[in-house]
Amino acid sequence: MEVITRISQLRDCLASHRLNQGPDRVKVGLVATMGFLHAGHASLIKAAKAQTDIVVLSIFVNPLQFGPNEDFDKYPRDAERDLHLAEAEGVDIVFAPSVEEMYPGPMKTTVSVSGLTARLCGATRPGHFDGVATVVSKLFHIVQPDKAFFGQKDAQQIAVIQQMVSDLNFPVDIVPCPTLREADGLAMSSRNVYLSEAERRQALVLSQSLAIAADFIRDHPQFSAEELMSEISNHIRTASLGEIDYIEVLAYPSLEPFKRSDELESDQVIVALAVKFSKARLIDNQLFSNKFSKSDLIDNQLISLRK
Ligand code: PAF
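Residues numbered from 1 in each chain as written. Predicted model: local features only at pLDDT ≥ 70, side-chain atom pairs only at ≥ 80, totals over all residues. Heavy atoms only, no water.

Visitor: Go over the overall build of the chain with me, naming the residues and quoting the values.
Guide: A count of helical and extended segments in the chain gives 12 helices and nine strands. Its C-alpha atoms give the chain a radius of gyration of 20 Å, near enough to 19 Å, the size a compact globule of 307 residues would have. Projected onto the principal axes, the alpha-carbon positions of the chain cover approximately 55 × 40 × 40 Å. Within the span of the chain, comprising 307 residues, buried residues form 53% of the whole. Sequence separation of 24 or more characterises 72% of the internal contacts of the chain that already satisfy a separation of 6 or more. Total accessible area computed for the chain in this model is approximately 14,800 Å², and 49% of it derives from carbon and sulfur atoms. Looking at charge distribution, the chain has the averaged site of its 31 positive side-chain charges lying 1 Å from that of its 40 negative ones. (Helix = DSSP H or I, 4+ residues; strand = E, 2+ residues; numbered from the N terminus. Rg over C-alpha atoms; globule rule 2.2 N^0.38 Å. Buried < 20%, exposed > 50% of the residue type's maximum accessible area, 1.4 Å probe, protein only. Contact = heavy atoms within 4.5 Å. Areas by Shrake-Rupley, 256 points an atom, 1.4 Å probe, with all protein chains shown as cover. Lys, Arg positive; Asp, Glu negative; His and termini not counted. Charge placed at Lys NZ, Arg CZ, Asp CG, Glu CD.)

Visitor: I'd love a proper account of the site of the ligand, names of residues and values included.
Guide: The environment of the ligand is made up of A32, T33, M34, N62, Q65, V132, V135, F150, D154 and Q157. Between the ligand and Q65, the relevant distance is 2.6 Å, taken from an oxygen atom to a side-chain nitrogen or oxygen of the residue. Between an oxygen atom of the ligand and a side-chain N or O atom of Q157, the distance comes to 2.7 Å. When the ligand sits alone it has 290 Å² of accessible area, and the protein chains cover 88% of it. Elements represented by at least two residues in the shell around the ligand include exactly β2 (28-33) and α6 (128-143). Grouping the constituent residues of the shell around the ligand by class yields five nonpolar, four polar and one charged. (Near = heavy atom within 4 Å. Polar contact = N/O pair within 3.5 Å; in protein donor to acceptor, adjacent residues only side chain to side chain. Nonpolar A, V, L, I, M, F, W, Y, C, P; charged D, E, K, R; others polar.)

Visitor: Could you give me a rundown of the sheet that holds strand β5 (residues 147-151), with the residues and numbers involved?
Guide: Spatially, the six strands line up as an open sheet ordered β1-β4-β3-β2-β5-β6, and their pairing is parallel. The sheet is open, and its two edges are formed by β1 (2-4) and β6 (173-177), each paired on a single side. Going across the sheet, the axis of each strand differs from the next one's by a mean of 25°, ignoring polarity. When β2 meets strand β3 (residues 54-59), the two strands line up parallel, connected through six bridges. Residue pairing in the sheet places G29 in a bridge with V55 of β3. Against the sheet, helix α2 (residues 39-51) engages β2, β3, β5 and β6, with an angle of about 155° to β5. (Pairing = 2+ DSSP bridges. Axes fitted to C-alpha atoms, helices over the stretch in contact; angles between N-to-C directions.)

Visitor: Explain the pairing of β5 to me, using residue names and the numbers behind them.
Guide: Looking at chain direction, β2 and β5 are connected through three bridges and run parallel. Considered in β5, the bridge of L30 is made with A148. Here β5 runs beside β6; their pairing, made up of five bridges, is parallel. When the bridges of β6 are listed, A148 appears paired with I174. Following the backbone out of β5, through helix α7 (residues 155-167) and into the adjacent parallel β6, one traces a crossover that is right-handed. (Right-handed = clockwise from strand over helix to strand, strands pointing away.)

Visitor: Could you give an account of the nonpolar core, with specific residues and numbers?
Guide: Of all hydrophobic cores here, the largest spans 50 residues; its most connected members are F95, M102, F140 and I174. Element by element, the count of residues in this core is highest for α6, at nine residues. Not counting residues within four places of it along the chain, the set of residues in contact with F95 comprises I4, T5, R6, I7, L10, V56, L57, S58, I59, M102, L139 and I142. Counting 34 residues, the second largest nonpolar core, distinct from the first, contains V61, F66, L195 and L206. (Core = buried A, V, L, I, M, F, W, Y, C linked by side-chain atoms within 4.5 Å.)

Visitor: Got a sec to walk through the packing of helix α9 (residues 204-219) against helix α10 (residues 225-239)? Specific residues and values, please.
Guide: Contact pair α9 / α10: the axes reach a minimum separation of 10 Å and the direction vectors enclose 145°. For α9 against α10, the interelement crossing comes out right-handed. Counting all contacts with α9, which are made through V205, Q208, S209, I212, A213, F216 and I217, the residues of α10 involved are E227, L228, E231, I232, H235, I236 and A239. Along the lines of polarity and charge, the residues of the contact of α9 with α10 split into nine nonpolar, three polar and two charged. (Left-handed = near helix turned anticlockwise from the far one by under 90°.)

In structure tokens:
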């Protein structure tokens, strides 16, 4: 495994792989991360290894996507452990640039995806998705991957990146990968380390809310988005001390609100939520087919959450 910190070195390294093996033979996969890797990242690497020939893992805590009062300085970092995990998973190249390497001066050019970023995390974290779209477009230019792998836990991030790729004609396939969960249902996240013991127990309200949503949609095939949001809100308020940042039921991937499911033209619905604990803001979501047949409604993860 090569560990590279300079953009020029990474370009040279990928160019020599492409030259040696023939550019049509080498498919490059990119797994973009901010480090502090966990099993969720490992599953993205596994998907990349299965579908591409050379896997580049980027590790970069991107200052551009953190607001002034957010946790950029405190964001958990453990370079040594990350490199062990990357090596064990068979990553070919780790790209771990410094902030100065990625942003040698103030950025005068940024990428902003409108509309999709107005709701959910975009509403409560202004500028966040401009930072994400900007760094991901830089990574796409630097690595020129054939495929890039992102976790479905950040469903809005995937929708934003897919829109950017389509609008700006990036020659890359975006591959969404399922959310990985702890045995009790909590979605894996680097920020889970911020939770106290009591909060860790209460954090289960997020995955429980998605299971409640699955039941609700099954029992009310023509459901009202507002009624579903209020079921979820009641559960979170009674079962935790977490502060609800948002609960949204939207068409996916347009992220447009709707009143009743029978008005919907979109193929999918997303139930998405963010809950703040003292030091951690957690997000989770689930996509549902808008056909709402009992068999395709609930994915295996939610069935196992209820067992
Ligand atoms: O999902 C993340 O970890 C980040 O938003 C990403 C895609 C690596 C961009 O910094």
